[in-house]
Amino acid sequence: QVQLVESGGGLVQAGDSQRLSCTASGLTFSRYTLGWFRQAPGKEREFVAVIRYNSYTYYSDSVKGRFTISRDNAKNTVYLQMTNLKPEDTAVYYCAADQRIILSSIRGPNNYDYWGQGTQVTVSS
């Protein structure tokens, strides 16, 4: 049984930094593409960042230069380091995993097999 568990969310002020973690179990972690998505109230779930099994990374334009995704295969954990946070970054952040996803599909949330329960990030102005 695959499980993804996010942690690290909370309330921060604009300009602050925060690191999210997602620890996986029940899968061969090193073989998986891992993504971070977020969903604000009343909005659709949107792509934030992804790290492939080969550690190649991709980011949405809205977070590029501020967020960094990384993985530690020994700990079965993917991280999202967020800096210079803005109020518009407020959302529930989800991690996702998929083994067979192709490059052209990495930004689509419907293309991932496994999801965590989400962690709330709130950025006050």
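Scroll up to find the structure this text is about.
In what follows, the accompanying structure is described. All values derive from a computational prediction rather than experimental measurement.

Once that is clear, we can look at the packing of aromatic side chains. Counted according to the given criterion, the structure contains 6 aromatic pairs. Measuring from ring centre to ring centre gives 6.4 Å for Y32 and Y114, while their planes differ by 50°; the resulting arrangement is tilted. On the criterion of sequence distance, the pair formed by Y32 in the loop between β3 (18-25) and β4 (33-39) and Y114 in strand β10 (residues 114-115) is long-range, its members being 82 residues apart. Measuring from ring centre to ring centre gives 6.4 Å for Y94 and W115, while their planes differ by 80°; the resulting arrangement is edge-to-face. In this pair, Y94 sits in strand β9 (residues 91-98) while W115 sits in strand β10, placing the two residues 21 residues apart along the sequence. For W115, a relative accessible area of 26% translates into the label partly exposed. Among the aromatic side chains, those forming a connected cluster through ring pairs are F37, F47, Y94, Y112 and W115. Lying across the ring of Y94, R45 places its NZ or CZ 3.7 Å from the centre.

With that out of the way, let us pick up the side chain of D98. Among the structural elements, D98 can be located in strand β9. The buried charged residue D98 lacks any salt bridge partner; its closest oppositely charged side chain belongs to R100, at an N-O distance of 6.5 Å. Side-chain polar atoms of D98 contact the backbone nitrogen of D113, separated by 3.0 Å. In this structure, D98 is in contact with Y32, T33, N111, Y112 and D113, ignoring residues within four places of it in sequence.

In this section: the sheet that holds strand β1 (residues 3-7). The sheet built from 4 strands is open, its strands ordered β1-β3-β8-β7 with antiparallel pairing. Here the strands that pair on one side only, and so sit at the sheet edges, are β1 and β7 (67-72). Taken over all neighbouring pairs, the strand axes of this sheet differ in orientation by 15° on average, direction set aside. Here β1 runs beside β3; their pairing, made up of 5 bridges, is antiparallel. By the bridge assignment for β3, E6 is matched with C22.

All right, on to the side chain of E6 then. Tracing the backbone through its elements, the reader meets E6 in strand β1. Buried and unpaired, E6 has R45 as its nearest opposite-charge partner, separated by 7.5 Å. At a separation of 3.0 Å, a polar atom in the side chain of E6 contacts the main-chain amide nitrogen of Q117. Here the side chain of E6 touches G118 through a polar contact of 2.9 Å, landing on its backbone nitrogen.

Rules used throughout
- Residues numbered from 1 in each chain as written.
- Predicted model: local features only at pLDDT ≥ 70, side-chain atom pairs only at ≥ 80, totals over all residues.
- Heavy atoms only, no water.
- Phe/Tyr/Trp six-rings, centres within 6.5 Å; stacked < 30°, edge-to-face > 60°.
- Helix = DSSP H or I, 4+ residues; strand = E, 2+ residues; numbered from the N terminus.
- Buried < 20%, exposed > 50% of the residue type's maximum accessible area, 1.4 Å probe, protein only.
- Lys NZ or Arg CZ within 6 Å of the ring centre and 35° of its normal.
- Lys, Arg positive; Asp, Glu negative; His and termini not counted.
- Salt bridge = Lys/Arg side-chain N within 4 Å of Asp/Glu carboxyl O.
- Polar contact = N/O pair within 3.5 Å; in protein donor to acceptor, adjacent residues only side chain to side chain.
- Contact = heavy atoms within 4.5 Å.
- Pairing = 2+ DSSP bridges.
- Axes fitted to C-alpha atoms, helices over the stretch in contact; angles between N-to-C directions.

So far we have only geometry, and geometry alone does not tell us how the molecule works.
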